[in-house]
Amino acid sequence: PADSADKNNRAFAPERFKMTLGISDKAIDQAYSDCKGICGGVRNDYFGLLYLEQELGIPRERARNQLAFGGNDYGIDGFHFDPLRRNLYLFQFKCSSDYSQFQGSLKRLIESGRVERIFVTPNGDPYKNQMLLQLRSCMLENRNIIEQVCLRFVFTGDPLRAERSQVLGK
């Protein structure tokens, strides 16, 4: 299982990086065509939608509310709370085999107090997106049962190679 790591080991390696092979360009194009009028965003935003649907079994309408479409994502593209495992998953999605594309997202997440804005002062940004509001609501609703927050990087490349990256390893 993806989360069989010891609860005291917060690195969660090598499960931190996830590869998905079952999401085709055609499926992304179709999801984009079907949902762009409702969700907006760009084509690659729909890679995350398909991941939540196919890999986690989340219905599309619910999955749309757990994703950032467009900008101002603070370095997090989506989230999911698993009440059985008591884990809150934060996702960064890249529709690419190039793991180095995660660097910019990590910088956005770390810099400018964005982590604090997500977890401590989410109402401090008048430009926050709907996903951040949903994430905050989920955290408040489940604050007594969330045991772990897991950051997952999902892309189409080799997760072991990404795990060995010096930049991303830090």
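**Q** Tell me about the side chain of Asp 45, residues and numbers included.
**A** In this structure, Asp 45 sits in helix H2 (residues 45–56). Despite its burial, Asp 45 remains without a salt bridge, the nearest opposite charge being carried by Lys 94 at 8.3 Å. Side-chain polar atoms of Asp 45 contact the backbone nitrogen of Gly 70, separated by 2.9 Å. Those residues in contact with Asp 45 that lie beyond four places of it in its chain are Ala 68, Phe 69 and Gly 70.

**Q** Quick rundown of a nonpolar patch on the surface? Include the residues and the values.
**A** Taken together, the side chains of Val 115, Phe 119, Val 120 and Val 149 define a hydrophobic patch exposed on the protein surface, amounting to about 300 Å² of accessible area. By the element assignment, Val 149 lies in strand E4 (residues 148–155).

**Q** Got a sec to walk through the pattern of salt bridges? Specific residues and values, please.
**A** In total, this model carries 5 salt bridges according to the counting rule given. One salt bridge connects Arg 60 with Glu 53, and the closest N-O pair in it is separated by 2.4 Å. Since its relative accessible area comes to 24%, Arg 60 is described here as partly exposed. Given the relative accessible area of 18%, Glu 53 is considered buried. Glu 147 is the partner of Arg 86 in a salt bridge, and the nearest nitrogen-oxygen pair spans 3.1 Å. Taken together, the residues span a long stretch of sequence, with Arg 86 in the loop between strand E2 (78–82) and strand E3 (87–93) and Glu 147 in the loop between helix H6 (130–141) and E4 at a distance of 61 residues.

What counts and how
Residues numbered from 1 in each chain as written. Predicted model: local features only at pLDDT ≥ 70, side-chain atom pairs only at ≥ 80, totals over all residues. Heavy atoms only, no water. Helix = DSSP H or I, 4+ residues; strand = E, 2+ residues; numbered from the N terminus. Buried < 20%, exposed > 50% of the residue type's maximum accessible area, 1.4 Å probe, protein only. Lys, Arg positive; Asp, Glu negative; His and termini not counted. Salt bridge = Lys/Arg side-chain N within 4 Å of Asp/Glu carboxyl O. Polar contact = N/O pair within 3.5 Å; in protein donor to acceptor, adjacent residues only side chain to side chain. Contact = heavy atoms within 4.5 Å. Patch = residues over 30% accessible without salt bridge, like charges linked within 9 Å, V, L, I, M, F, W, Y side chains within 5 Å. Areas by Shrake-Rupley, 256 points an atom, 1.4 Å probe, with all protein chains shown as cover.

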